Amino acid sequence: MDFRVDLAIVERLPKGCRFGLTLHNLSEKSHTNWQLHFVFERFITPDSLSQGNLTQVGTFCSLNIEGTPLYANNHVYVEFCIATAPLKSLNDGIREAYLNTDSLTQYPVTTSPIVLGSGEDKSNPIGDVFEGRHGLIPEPQSIELGDSVYELTRYSQICVEDQAMQSVANWLKDEIDRLFSITTKSIGQQDIRFRHSPVLDNEAYKLRVDHTGIEIESNGNAGFVYGCATLMQLMDFDKDRHTLYVPHVQIHDAPRFRYRGVMLDSARSFQPISEIKRLLNLLAHYKINTFHWHLTDDEAWRLEIHAFPELTEVGAWRGAERALEPQLHSIQRDYGGYYTQQEVAEIIEYAAARNIQVIPEIDVPGHSRAAIKSLPHLLVDKEDSSSYRSAQNYCDNVLSPGLPGTYQFLDTVFEEVAALFPSPFIHIGADQVPVGVWSDSPSCHTLMAEHGYHNPKDLQGHLLRHVEDKLKSLGKRMLGWEEGNLVNKVSKDTIVYSWLSEEAAINSAKLGYDVILQPGQSTYLDMAQDNNTTELGVHSANAITLEKAYHYEPLAQLHPDDPVKKRILGMQAAVWTERITSPDTLDYMMFPRLTALAETAWSTSNHKDYRAFLSRLKRHLSLLDRQHVKYKHPWPTGQGIQGAQYQTQRQQQNNRF
Ligand code: ACM
């Protein structure tokens, strides 16, 4: 490669860092005019450059130094600052870069790991444990393991009492075929029996394995899915005899929380539907019953909307010549994609067969840059001269409550979303609306005067109440992220997703809102799993180690009998994908931490024990291996640092979604 960019921390400041950037021209050709484009996740203080000009939109930075040629076999050097906490990881530097020259040619630029200076390598190895007698995750409410085993043969058959159970039986059959390469016959002995049991609670199941065979009891498909998931975790394969066997066991099981979710961000990175299905299938093995699908954000709009084809024609793509600049990764080519309504219907059906409901999220009024760039005639408030910068460094990403086009957009989009998704819930985001928004917009001032609002922020409540009413008219209940812009601004029918702290959850519940817990400190699976500088993921204050994820105890500070707890419907893990650009990285960031969180969502706290979990996990890993899940190994063998580590640009580009 002819060009390389190096980034080094020159000085750690009380608040922030000073960096030195060196752009090397390793070729024999000089360039008089040039522009370096690169991805950097932190906001570079505009007046901190030692020379040249830098523009930054989100993560996309463009640097040029007028009058400074980039000579052959030479370099240019520039310093700049950020005003946020110092960087900790080799993955925090310049992720990708390219160079434009006066001939408008685009040259790839190699990036090297950031030089962190005083980087601390602190990994937290997990102590070794004995393998458990079984590898069940989550731990059931009650289990009695016998000493014998029941063998399945090639004549084994799954037997259902009525047709309604058939789809779960098909899932079990397909999974046994896939996991153990054993094909069960349609004619044979009735080894696995599904029995309807009206006395069991919703989602509860019983599993009995004895010398007569295997029996799963439940009052509906949810319990059958969970019974099958448990059964598959108990199965083992005898290679010599080519048979599957299951230990004799009696299990009586039911969930702790009725909502057990995973949120996936499909906006920052786009996962094809084959990957979404693979993920949903994995979630079913951990008794997760909700897939919260983050479909829109500043960096992309991923859902086909028939009334506004521009949302996906324009908003689903990032690129140097496109309305949305390159961001985050894959910046040297156009990047994107979207889900057609037909594909979404397929995903919903696939999820339902595994007892997973799909809740769509359309994030408004912040995080709406892709929509605004797609529909400027409806969504750009031309008179608005307010100045703001969002947490992700955008100055033009918030819908204007003062524009009629905003309501036309919201109503039309939510009508199509409500018709497409059978779930009674729609998530509307409502997070991270920046300070300063709407303050210099005549149309917003008019609206404020009409309604007697004194603060532009009141307009967020105005807009959200409009959306809530619209969703109610469509038979849907609104869900939104809590951070002070939701609670007491909308009715108590709205369900609050707390992500900043447990305190916000408790306060919302005390005010009478139903709450879903998703505390970033324990459940954000984009966070690094270790404090090691080579570890993948976002390095914030502290890594979310497997132990930390496991020890998350919802509302631990409340008394067990506190009535506020009744308002907590459940919890979920979140997978933000700014840095999760490939199926392998998705696996690595999710597993095994998701198994820990799934246990907290399902098993009551008196059943939780970290060392016992590790013992079960050790046995359980073979099931992940059978599914080719590229998890972070809790007990890596061999030398060196654990797991997947700092990824070079070439590694990042391989195996992308
Ligand atoms: C969030 O992490 N902005 C919900």
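Definitions and limits used
Residues numbered from 1 in each chain as written. Predicted model: local features only at pLDDT ≥ 70, side-chain atom pairs only at ≥ 80, totals over all residues. Heavy atoms only, no water. UniProt positions renumbered as here; feature names shortened; annotations may be inferred. Helix = DSSP H or I, 4+ residues; strand = E, 2+ residues; numbered from the N terminus. Rg over C-alpha atoms; globule rule 2.2 N^0.38 Å. Buried < 20%, exposed > 50% of the residue type's maximum accessible area, 1.4 Å probe, protein only. Contact = heavy atoms within 4.5 Å. Areas by Shrake-Rupley, 256 points an atom, 1.4 Å probe, with all protein chains shown as cover. Disulfide = S-S within 2.5 Å. Phe/Tyr/Trp six-rings, centres within 6.5 Å; stacked < 30°, edge-to-face > 60°. Lys NZ or Arg CZ within 6 Å of the ring centre and 35° of its normal. Pairing = 2+ DSSP bridges. Axes fitted to C-alpha atoms, helices over the stretch in contact; angles between N-to-C directions. 1 Å grid on protein atoms, 1.4 Å probe; cavity = no way out; pocket = protein on both sides within 12 Å on 5 of 7 lines; lining within 4 Å. Points joined across faces, edges and corners; volume = space filled by probe spheres on them. Nonpolar A, V, L, I, M, F, W, Y, C, P; charged D, E, K, R; others polar. Right-handed = clockwise from strand over helix to strand, strands pointing away. Parallel < 35°, antiparallel > 145°, perpendicular 65-115°, else oblique. Core = buried A, V, L, I, M, F, W, Y, C linked by side-chain atoms within 4.5 Å. Lys, Arg positive; Asp, Glu negative; His and termini not counted. Salt bridge = Lys/Arg side-chain N within 4 Å of Asp/Glu carboxyl O. Polar contact = N/O pair within 3.5 Å; in protein donor to acceptor, adjacent residues only side chain to side chain.

By the naming in an unreviewed UniProt entry, the protein chain goes by beta-N-acetylhexosaminidase and is assigned to Vibrio chaetopteri. According to the UniProt record, the Catalytic activity (unreviewed entry) comment for the protein chain reads "Hydrolysis of terminal non-reducing N-acetyl-D-hexosamine residues in N-acetyl-beta-D-hexosaminides."

1. Thoughts on the overall build of the protein chain
On a plain count of helices and strands, the protein chain comes out with 17 helices and 27 strands. For a compact globule of 657 residues, the expected C-alpha radius of gyration is about 26 Å, and the protein chain comes in at 27 Å, within 12% of that figure. Over its C-alpha atoms, taken along the principal directions, the protein chain stretches across nearly 85 × 65 × 45 Å. For the protein chain, buried positions account for 59% of its 657 residues. Contacts spanning at least 24 positions in sequence make up 73% of the contacts within the protein chain whose residues lie at least 6 apart. For the protein chain, the exposed area adds up to about 25800 Å²; of that, 50% sits on carbon and sulfur atoms.

2. Here we look at the state of the cysteines
If you walk through the whole model with that rule in mind, you get 0 disulfides. Just so you know, Cys159 is unpaired, no disulfide at all, and the nearest cysteine sulfur is the one on Cys228, 13 Å from it. Not part of a disulfide, Cys444 finds its nearest cysteine sulfur in Cys395, a span of 17 Å.

3. Re the packing of aromatic side chains
Describing an aromatic ring pair means giving the distance of the ring centres and the angle of the ring planes. Applying the stated criterion across every chain yields a total of 21 aromatic pairs. For the pair Phe308 and Phe409, a centre-to-centre distance of 6.3 Å together with 35° between the ring planes defines the contact as tilted. Highlighted residues: Phe308 in the loop between strand 19 (300-301) and helix 4 (310-313) and Phe409 in helix 8 (residues 404-420), separated in sequence by 101 residues. For Phe308, a relative accessible area of 8% corresponds to the buried category. Pairing Trp481 with Trp576 gives two aromatic rings, centres 6.1 Å apart and planes at 45°, and the pair type is tilted. Taken together, the residues Trp481 in strand 24 (residues 477-482) and Trp576 in the loop between strand 27 (568-575) and helix 14 (583-590) connect sequence positions 95 residues apart. Counting every residue linked through ring pairs, the aromatic cluster contains Tyr259, Trp481, Tyr497, Trp499, Tyr524 and Trp576. Note that Arg354 overlies the ring of Tyr350, its terminal NZ or CZ placed 3.6 Å from the centroid. Over the ring of Trp635 we find Lys618; its NZ or CZ atom is 5.4 Å from the centre of that ring.

4. As for the sheet that holds strand 1 (residues 3-13)
Think of a sheet as strands paired side by side through backbone hydrogen bonds, with each pair either parallel or antiparallel. One open sheet accounts for 8 strands, arranged 4-5-3-7-8-1-2-6; its pairing is mixed. The strands lining the two open edges of the sheet, one partner per strand, are strand 4 (53-57) and strand 6 (74-82). Sheet twist, expressed as the average angle between the axes of neighbouring strands with direction ignored, equals 25°. Inspection of the sheet shows strand 7 (residues 97-101) paired to strand 8 (residues 106-111) by 4 bridges, in the antiparallel sense. When the sheet's bridge partners are listed, Tyr98 is paired in strand 8 with Pro108.

5. Remarks on the layout of surface pockets
A volume near 1200 Å³ is recorded for the largest pocket. Every residue lining the largest pocket is counted, 40 residues in all, and those nearest its centre are Glu41, Arg42, Ala391, Gln392 and Val538. For the lining of the largest pocket, a count of residues per class yields 16 nonpolar, 13 polar and 11 charged. Taken as a whole, the second largest pocket encloses approximately 390 Å³ of empty space. Lining of the second largest pocket is provided by 22 residues; of these, Gln233, Leu234, Met235, Asp236 and Arg619 occupy positions nearest its centre. Breaking the lining of the second largest pocket down by element, the ones donating at least two residues are strand 9 (142-152), helix 2 (221-234), strand 15 (243-253) and helix 16 (610-626).

6. A look at the UniProt feature "domain: Glycoside hydrolase family 20 catalytic" (unreviewed entry) in the protein chain
Mapped onto the present numbering, the UniProt feature "domain: Glycoside hydrolase family 20 catalytic" (unreviewed entry) falls on residues 257-604. Secondary structure over residues 257-604 splits into 34% helix and 16% strand, and the C-alpha atoms at its two ends are 9 Å apart.

7. Examining the sheet that holds strand 26 (residues 515-517)
Taken together, 8 strands build a closed barrel; the order of strands is 16-17-22-23-24-25-26-27 and the barrel is parallel. Taking each pair of neighbouring strands and ignoring which way they run, the sheet shows an average axis angle of 30°. Across 2 bridges, the pairing between strand 22 (residues 357-364) and strand 23 (residues 425-429) is parallel. Residue pairing across strands places Glu361 opposite His427, the latter belonging to strand 23. Contacts between helix 8 and the sheet are confined to strand 22 and strand 23, with strand 22 contributing the most and set at about 170° to the helix.

8. What to know about the pairing of strand 16 (residues 259-265)
With respect to burial, strand 16 is a largely interior element, 7 of its 7 residues being buried. Here 6 bridges tie strand 16 to strand 27, and the two strands are oriented parallel to one another. Within the sheet, the bridge partner assigned to Tyr259 lies in strand 27 and is Gly570. The handedness of the strand 16 to strand 17 (residues 290-294) crossover, carried by helix 3 (residues 273-285), is right-handed.

9. A closer look at the environment of Ala430
If you trace the backbone, Ala430 turns up in the loop between strand 23 and helix 9 (442-451). Between the C-alpha atom of Ala430 and that of Leu486, which follows or precedes it by 56 residues, the distance is 7.3 Å. The residues contacting Ala430, other than those within four sequence positions of it, are Asp363, Val364, Pro365, Gln460, Leu464, Trp481, Asn485 and Leu486.

10. A word on the packing of helix 1 (residues 166-180) against helix 3
One can describe the packing of helix 1 onto helix 3 by two numbers: an axis separation of 13 Å at closest approach and a directional angle of 105°. One way to sum up the angle between helix 1 and helix 3 is to call them roughly perpendicular. Residues Trp171, Glu175, Arg178 and Leu179 of helix 1 form the contact with helix 3, whose participating residues are Asn281, Ala284 and His285. Along the lines of polarity and charge, the residues of the contact of helix 1 with helix 3 split into 3 nonpolar, 2 polar and 2 charged.

11. Things to note about the nonpolar core
In terms of nonpolar packing, the biggest core is built from 164 residues, with Phe194 and Phe409 touching the most fellow members. With 32 residues, the next largest nonpolar core counts Phe19, Phe38, Phe80 and Tyr107 among its residues.

12. Structural notes on the side chain of Lys608
In this fold, Lys608 is placed in the loop between helix 15 (593-602) and helix 16. It is Glu553 that comes nearest to the buried, bridge-free Lys608 among opposite-charge side chains, at 4.6 Å. Of note is the side chain of Lys608, whose polar atom sits 2.6 Å from the backbone oxygen of Tyr550. In terms of polar contacts, Lys608 uses its side chain to reach the side chain of Thr600, at 2.6 Å. In contact with Lys608, other than residues within four places in its own chain, are Tyr550, Tyr552, Glu599, Thr600 and Ser603.

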